[in-house]
Amino acid sequence: MRTDTAKHTEPRQHDGPAIETSGLVKVFGDNRAVDGIDLRVPAGSVYGVLGPNGAGKTTAVKMLATLLRPDGGEARVFGHDVLREADAVRSRVSLTGQYASVDEDLTGTENLVLLARLLGHSKPSARKRAAKLLEAFGLEEAAGRQVKQYSGGMRRRIDIAASILNTPDLLFLDEPTTGLDPRSRNQVWDIVRAVVAQGTTVLLTTQYLDEADQLAGRIAVIDHGRVIAEGTPGQLKSSVGAGSIHLRLRDGAQREEARSVLSQTLAAQVQPEADPVALTARVQGGGTERGAAEQAALALAELTRSGITVDHFSLGQPSLDEVFLALTDHPAHDEGGQADGREPVSRSSQNGHDAEETRS
Ligand SMILES: Nc1ncnc2c1ncn2[C@@H]1O[C@H](COP(=O)(O)OP(=O)(O)OP(=O)(O)O)[C@@H](O)[C@H]1O
Ligand SMILES: [Mg+2]
C-alpha cells in the first residue's frame, strides 16, 4: 500500500520508540481524565490500550495525535514533541476516531477520492488509490453507494481506509470494532494486521480484552486515567495466576457445593458463570503451568470425592477479562446491548468535546 502516494511521508529516521510519554496529564475541570500516563510504544507493532468507558483512552490518543493540548507531562512521537513539534508529528500519524470524518452523503469512492486529493494526490492517482483500498477492504460493491447506507462494519472499514490513504508511520485506531458483529470484527482485525505488515505502528484502543489479545504485542491497561498494568498479553495473564479452570457440572443444583470445594482446594476465587452449570476458578499453581495442572487435577479429584459430577473440564490461561477483574475489581466493560451496532448511550456526550482541541 506504500506505492503511488503523491505525498509520501519522510523516511523513518528515528530508531527509538514510536511513542514515549512521561507523566502525561489532561484535566477537564476537576476530572483528571488522563492522570500521569507513562507509555513506551515500540515501533512496528500493534500496541493495545485497554480500558473501560471513560478510562481516558480517547483523551490520551487525542493528545498524542496533537488534537488536544496536554496539561502536564511530555509526549514524543518518533522523537518529536507533540507540542513543540506538532507539525512533524502530524506528518507521521493518522487517526481513525470513534467518530470518523467521512461524509455520509458522499459515496465510498467519492469520499476516498476527495480525501486523497486533499492529501495531494493527482486526480488519476486519487482514483487509483481509492479503487485499490475499496477492493482491499471488500467494499467494491458498495463503492458507488452513499456512506449513510453502509452497515456499521462497512462504515468502520471505510473509516480505516480513509485514514491510510497515505500509509502513515503511526496509525491511531480508537475502538475500531466497538459494536461490530464477530465477522466484521475479524475483517477489521485482518486489516489491522495488513497495515502493520506494511511497516506502520498501530496504537489501538479497545474495551475488548480478546481484541488486544489477538492483535497487540504489548498492552497497557488503563483505568481512571492511569496505567494499572503493562506488558505482553502472556505477562498480564501470568500476573494473575498460572491458569484458569472452566467446568460444567451435570447438575446446576450442585454449583454452590462445587464452588466451596474448589475455593478450599485451590485457595482461589471461584466465579459462577452466566450459564447456571458453569464455574470458573483461577489457579495459582506457584506461577507455573505444571503447578497449575497439578492443582487442577487435585481439584477435580476433590469434586469427585464430594459426589459432584463434572461433565466438562478445561484448564487454560486466564482470559484478559479475568486479568482486568483481578486488577481493578470491576469488569472491563458492561455487557450493555451493543450487539445491534448502536453506540452506547454514554458516548453521545463526547461529540461535544471539541472545544479544547488545538486545531479545528
Ligand atoms: N472535552 C472534554 N470535556 C470534558 N470532559 C471530557 C472531555 N473529553 C473527555 N472527557 C472526560 O474525560 C474522561 C475520559 O474520557 P475518554 O473519552 O478519554 O474515555 P475513553 O477511555 O475514550 O472512554 P470510551 O471507551 O467510552 O470511549 C471521561 O470522564 C470523560 O467524560
Ligand atoms: Mg473513547
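This structure is a prediction, so every number in the text was calculated from the model and none was measured.

A.B. asks: I keep staring at the overall build of the protein chain and nothing clicks. Help me out?
C.D. replies: Along the protein chain, the regular secondary structure elements total eleven helices and 14 strands. Expressed as a percentage of its 360 residues, the buried residues of the protein chain come to 40%. Here the contacts in the protein chain between residues at least 6 apart in sequence split such that 70% fall between residues at least 24 apart.

A.B. asks: What should I look at first to understand the sheet that holds strand S4 (residues 72–77) in this one?
C.D. replies: Sheets are built from strands that pair by backbone hydrogen bonding, the pairs being arranged parallel or antiparallel. The strand order across the open sheet built from four strands is S2-S1-S4-S5, with neighbouring strands paired in antiparallel fashion. With one partner strand each, in any of the chains shown, strand S2 (31–41) and strand S5 (80–81) form the two edges of the open sheet. In this sheet, S4 lies alongside strand S1 (residues 19–28) in antiparallel orientation, the contact comprising five bridges. Bridging from a neighbouring strand, Thr 21 pairs with Ala 75 of S4. Lying over the sheet, helix H1 (residues 57–64) contacts S1, S2 and S4, oriented at roughly 120 degrees with respect to S1.

A.B. asks: How should the sheet that holds strand S14 (residues 310–316) be read in this particular structure?
C.D. replies: Taken in spatial order, the four strands make up an open sheet running S12-S13-S11-S14, and their pairing is antiparallel. Single-partner strands in this sheet number two, and they are strand S12 (270–272) and S14. When strand polarity is set aside, the average angle formed by the axes of neighbouring strands in this sheet is 20 degrees. The sheet contact formed by S12 and strand S13 (residues 278–283) spans three bridges and is antiparallel. In the sheet register, Gln 271 faces S13, and the bridge partner there is Thr 280.

A.B. asks: Even after reading the chapter, I still don't get helix H6 (residues 182–197), so can you show me in this structure?
C.D. replies: Between its first and last C-alpha atoms H6 spans 23 Å; for 16 residues at 1.5 Å apiece the expected length is 22 Å, and the two agree. When we look at burial in H6, the residues that qualify are Arg 185, Val 188, Ile 191, Val 192 and Val 195. All buried residues of H6 project into a common sector of 120 degrees when viewed along the axis, lining one side. Along H6, the residues that are exposed and aim more than 90 degrees away from the buried face are Pro 182, Arg 183 and Ala 197.

A.B. asks: Before we go on, may I ask you to explain the environment of Ile 191 in this structure?
C.D. replies: One can find Ile 191 in helix H6. Ile 191 sits 34 residues away from Arg 157 along the chain, and the two C-alpha atoms are 8.4 Å apart. With residues near it in sequence (within four places) discarded, Ile 191 still touches Phe 137, Arg 157 and Ile 160.

A.B. asks: Looking at this structure, how should I read helix H3 (residues 108–118)?
C.D. replies: Each full turn of the α-helix corresponds to 3.6 residues, which orients residues three or four apart in the same direction. Within H3, the full set of buried residues consists of Gly 108, Thr 109, Asn 111, Leu 112, Val 113, Leu 115 and Ala 116. Buried residues along H3 sit against helix H4 (123–136) and helix H5 (152–163). With its phi angle positive at about 105 degrees, Gly 120 sits one or two positions after the end of H3.

A.B. asks: What's the story with the nonpolar core in this structure? I'm lost.
C.D. replies: A general tendency of soluble globular proteins is for nonpolar side chains to be buried together. In this structure, Leu 64, Val 77, Leu 112, Ala 161, Phe 172, Val 192 and Leu 203 are the most contacted members of the largest nonpolar core, which totals 71 residues. If you look at the next biggest cluster of nonpolar residues, it comprises 15 residues, including Leu 249, Ala 258, Val 270 and Leu 315.

A.B. asks: How should the packing of H3 against H5 be read in this particular structure?
C.D. replies: When two helices pack together, their arrangement is captured by the angle between the axes and the distance separating the axes. Two elements in contact, H3 and H5, have axes whose closest approach is 10 Å; the angle formed by their N-to-C orientations is 20 degrees. In terms of their interaxial angle, H3 and H5 are classed as roughly parallel. Relative to H5, H3 is oriented so that their crossing is right-handed. Contacts from Gly 108, Asn 111, Leu 112 and Leu 115 of H3 reach H5 at Ile 158, Ala 161 and Ala 162. Classifying every residue of the contact of H3 with H5 by side-chain character gives five nonpolar, two polar and no charged.

A.B. asks: I'm lost on the confidence of the model for the protein chain in this one. Help?
C.D. replies: Low pLDDT marks regions whose predicted coordinates should not be analysed in detail. Per-residue pLDDT for the protein chain averages 84, and the proportion of residues at 70 or more is 86%. Averaged over each element, pLDDT in the protein chain is lowest for helix H11 (residues 320–328) (75) and highest for S1 (98). Note on residues 335–360: pLDDT under 50 across the span, and 22 contacts to partners over four residues away in sequence or across chains.

A.B. asks: Is there a simple way to explain the packing of helix H9 (residues 255–266) against helix H10 (residues 289–305) in this structure?
C.D. replies: At their nearest, the axes of H9 and H10 sit 9 Å apart, and the two run at 140 degrees to each other. The pairing of H9 with H10 is recorded here as oblique in orientation. For the crossing formed where H9 meets H10, the hand is right-handed. Across the interface between the two elements, Ala 258, Val 261, Leu 262, Thr 265 and Leu 266 of H9 pack against Gln 295, Leu 298, Ala 299, Glu 302 and Leu 303 of H10.

A.B. asks: When you look at unusual backbone geometry in this model, what are you seeing that I'm missing?
C.D. replies: If a residue is not glycine, its phi is most likely negative; likewise, a peptide bond is most likely trans. Of note in the backbone geometry, Glu 175 takes a positive phi value of approximately 50 degrees without being a glycine. Relative to the assigned elements, Glu 175 resides in the loop between strand S7 (170–174) and H6. Phi is positive for His 224, close to 50 degrees, though the residue is something other than glycine. Position of His 224 among the secondary structure elements: in the loop between strand S9 (218–223) and strand S10 (226–231). By the C-beta count within 10 Å, which is 16 here, His 224 ends up partly exposed.

Criteria and cut-off values
Residues numbered from 1 in each chain as written. Chains lettered and ligands numbered in written order. Predicted model: local features only at pLDDT ≥ 70, side-chain atom pairs only at ≥ 80, totals over all residues. Helix = DSSP H or I, 4+ residues; strand = E, 2+ residues; numbered from the N terminus. Buried ≥ 20, exposed ≤ 12 C-beta atoms within 10 Å, placed from the backbone. Contact = placed C-beta atoms within 7 Å. Pairing = 2+ DSSP bridges. Axes fitted to C-alpha atoms, helices over the stretch in contact; angles between N-to-C directions. Expected span 1.5 Å × (residues − 1). Arc of directions from axis to C-beta. Core = buried A, V, L, I, M, F, W, Y, C linked by C-beta atoms within 7 Å. Parallel < 35°, antiparallel > 145°, perpendicular 65-115°, else oblique. Left-handed = near helix turned anticlockwise from the far one by under 90°. Nonpolar A, V, L, I, M, F, W, Y, C, P; charged D, E, K, R; others polar. pLDDT = per-residue confidence, 0-100.

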